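# Reading the structure
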Amino acid sequence: MPRILLTGGAGYIGSHTYVALKAAGYDVTILDNFDNADRGVIDRLARLTGEAVDLVEGSVLDRQVLDDLLGAKTYDGAVHFAAKKAVGESVAKPLDYFQYNIGGLITLTQAMRDAGVFRIVFSSTATVYGEPEVFPLTEDLPLSYTSPYAFTKLTSEQILAQAAQADPWIVGVLRYFNPVGAHPSGLIGEDPMGIPDNLMPFIAKVAMGEMEKLRVFGDDYDTPDGTAWRDYIHVMDLARAHVQSLDALMKGRAHTLNIGTGNPVSVLQMHAAYQAAVGRDLPYEIAPRRAGDVPKLYADPSRARAELGFEAEHGLEEMCESSWNWVQAQKRGWGFNS
Ligand code: WQD
C-alpha cells in the first residue's frame, strides 16, 4: 500500500488522520518534534491501530532529518500538518510564524522534490477568506488575511501553486473551518498546552472544573442569539476528508476545498450543546468582542462533495459528547504507559 508522511502527525488533527489512514490501508510515518503534542499519543495510537507507530522525532525545518527520512523508505505523498496555529500568538510573534510555517513548508517541499515525492495535502484554514460578507463561503471567493497566521497559510497555498508550475506537484489544499470533538475511544483528542484559545477546549475546562466560567466574546453580532457563527466540524470527519483527499491525489486529481459542514452554529448554541452532553449547567458570562474575530464563518461544502465525495456525518451532539468523553478519559488516565 502507499506510504504517507504525516508531518505533525502526533497533533490533534494529525493523530486522528493517522488512525483514519491506517484504517484505509495506508502505510504511515509520523514526523513530529512534540513542541505542541504529548508523546503519550504515540502509545495510544499504537493501541488504537494494533501496531507500532513508525515515528521520526524531528522538525520540518531540519533538512537533514527530512533527507534521511525520505531516503530510508519510499513515500507516495505527505500530509503537512506541522505548523504553529494560534492566531493571537502569531500577532505577537509574526517572524516565528513566518519561519516555522512558511520556512517549514519550503524545507519539506524541497526535500520531497529532491526525493521525487510530489503529492502533498496541505492543512489550510477558512481564515484565508479574511472578513467575508458573502455566505456560505465558496472556494472562489477573494482571499486575504487578518493575522500573521492566516498570512502564512495563504502564502503557503500560493507557494504550492507556483511550485506546481515548475515540478509535477499534485496538491490537495484543505481549508478547515473549526475542528472539534475527539475519537470515540477517548484515547486521542484535542490537548491544548496551557489556557485554550479555542471555544470547545475552553468549555471542556469549565466542565472539568478547571476554569470558572466561559466568557462569551460578544452577543451583539447580527445572528439570532447575537453570538458569532462558526462551522464546527467533527475531527473524525476532518480526518476522513484527508483520506479522501489523498485517494484523489493518488489518482492525479489536485483540489482546493473547504472542509466544513455548511451548518453555522453560534457560541451560545455550542455552549448549550456541551451543557446537554455534560448534563449540568456550565456557567458563562457575556464579555466584550475578541479583537480579530469575524462575525460569521461557514462553508459551502458542495465542492468537497463533488470532487471527493466528502460529506460531514457527525452532528453537534456527537462533537460535544466525544469531547466530554475525551477530557474525562484524560483525567482518569488510560491505565497503561501513555
Ligand atoms: C470560535 C468562536 C470566538 C473562545 C481559530 C483560527 C482558525 C483555527 C480555529 C487553526 C468565536 C468564540 C472562543 C472563548 C468565545 N485555528 N469564543 N469564548 O477564532 O473561529 O478560529 O481557531 O487552524 O484558523 O482562526 O476559533 O474556537 O477561537 O472561536 O466566545 O473563550 O468562539 O469569539 O466566535 P476561531 P475559536
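Labelled according to an unreviewed UniProt entry, the chain appears under the name UDP-glucose 4-epimerase, originating from Jannaschia donghaensis. Word for word, the UniProt comment on the chain under Subunit (unreviewed entry) is "Homodimer." Checking UniProt for the chain, the heading Pathway (unreviewed entry) contains the comment "Carbohydrate metabolism; galactose metabolism."

The subject of this paragraph is the environment of Ser-123. Here Ser-123 lies in strand 5 (residues 119–125). Each C-alpha atom of the pair Ser-123 and Gly-71 lies 24 Å from the other, and the pair is 52 residues apart in sequence. In contact with Ser-123, not counting residues within four places along its chain, are His-80, Phe-81, Lys-153, Leu-174 and Tyr-176.

Turning our attention to the side chain of His-242. Mapping His-242 onto the fold places it in helix 8 (residues 235–250). According to the relative accessible area criterion, His-242 is buried, its value standing at 0%. Setting aside residues up to four positions removed in sequence, His-242 forms contacts with Ile-13, Thr-17, Val-79, Phe-81, Val-121, Leu-174 and Tyr-176.

Applying the stated criterion to the full structure yields 17 salt bridges. The shortest N-O distance in the salt bridge between Arg-39 and Glu-57 comes to 2.1 Å. Linking Arg-39 in the loop between strand 2 (27–32) and helix 2 (40–49) with Glu-57 in strand 3 (residues 54–57), this pair joins segments that are 18 residues apart in sequence. Since its relative accessible area comes to 48%, Arg-39 is described here as partly exposed. For Asp-220, the salt bridge goes to Arg-289, with nearest N and O atoms at 2.9 Å. Of this pair, Asp-220 sits in the loop between strand 8 (214–217) and strand 9 (229–230) while Arg-289 is found in the loop between strand 13 (284–287) and helix 10 (302–308), placing the two residues 69 residues apart along the sequence. On the accessibility criterion, Arg-289 (44% relative accessible area) is partly exposed.

The next thing to look at is helix 8. Its 16 residues place the ends of helix 8 23 Å apart at the C-alpha level, agreeing with the 22 Å of an ideal helix rising 1.5 Å per residue. With 12 of 16 residues buried, helix 8 is to be regarded as a mostly interior element. Among all positions in helix 8, only Val-235, Asp-237, Leu-238, Ala-239, Ala-241, His-242, Val-243, Gln-244, Ser-245, Leu-246, Ala-248 and Leu-249 are buried. A positive phi of about 80° marks Gly-252, the residue just after helix 8.

On to the layout of surface pockets, then. Over the atoms rolls a probe the size of a water molecule, and its path tells where empty space is left. Roughly 220 Å³ of internal volume is contained in the second largest pocket. Taken together, 17 residues make up the lining of the second largest pocket; nearest its centre are Glu-190, Ala-204, Lys-205, Val-327 and Gln-330. Residue assignment for the lining of the second largest pocket shows that the elements contributing at least two residues are helix 7 (199–207) and helix 11 (316–332). Looking at the lining of the second largest pocket, the element that brings in the most residues is helix 11, giving 5 residues. When grouped by side-chain class, the residues that make up the lining of the second largest pocket number 9 nonpolar, 3 polar and 5 charged.

Below, the discussion takes up the site of the ligand. Leu-199, Arg-215, Arg-230, Arg-290 and Asp-293 are the nearest of the 20 residues found near the ligand. A distance of 2.8 Å separates a nitrogen atom of the ligand from a polar backbone atom of Arg-215. Between an oxygen atom of the ligand and a main-chain N or O atom of Phe-217, the distance comes to 2.9 Å. Considered on its own, the ligand offers 690 Å² of accessible surface; in the complex 92% of this is hidden by protein.

Next up on the list: the confidence of the model for the chain. Across the chain, the average pLDDT comes to 96, with 99% of residues at or above 70. This prediction of the complex comes with two scores: 0.97 for pTM and 0.97 for ipTM.

Before going further, it helps to spend a moment on the pairing of strand 3. Along a regular strand, successive side chains alternate from one face of the sheet to the other. Here 4 bridges tie strand 2 to strand 3, and the two strands are oriented parallel to one another. Note on strand 3: the bridge partner recorded for Thr-29 is Asp-54. Between strand 2 and its parallel partner strand 3, the chain crosses via helix 2, and the hand of that crossover is right-handed.

Conventions we followed
Residues numbered from 1 in each chain as written. Predicted model: local features only at pLDDT ≥ 70, side-chain atom pairs only at ≥ 80, totals over all residues. Heavy atoms only, no water. UniProt positions renumbered as here; feature names shortened; annotations may be inferred. Helix = DSSP H or I, 4+ residues; strand = E, 2+ residues; numbered from the N terminus. Contact = heavy atoms within 4.5 Å. Buried < 20%, exposed > 50% of the residue type's maximum accessible area, 1.4 Å probe, protein only. Salt bridge = Lys/Arg side-chain N within 4 Å of Asp/Glu carboxyl O. Expected span 1.5 Å × (residues − 1). 1 Å grid on protein atoms, 1.4 Å probe; cavity = no way out; pocket = protein on both sides within 12 Å on 5 of 7 lines; lining within 4 Å. Points joined across faces, edges and corners; volume = space filled by probe spheres on them. Nonpolar A, V, L, I, M, F, W, Y, C, P; charged D, E, K, R; others polar. Near = heavy atom within 4 Å. Polar contact = N/O pair within 3.5 Å; in protein donor to acceptor, adjacent residues only side chain to side chain. Areas by Shrake-Rupley, 256 points an atom, 1.4 Å probe, with all protein chains shown as cover. pLDDT = per-residue confidence, 0-100. Pairing = 2+ DSSP bridges. Right-handed = clockwise from strand over helix to strand, strands pointing away.

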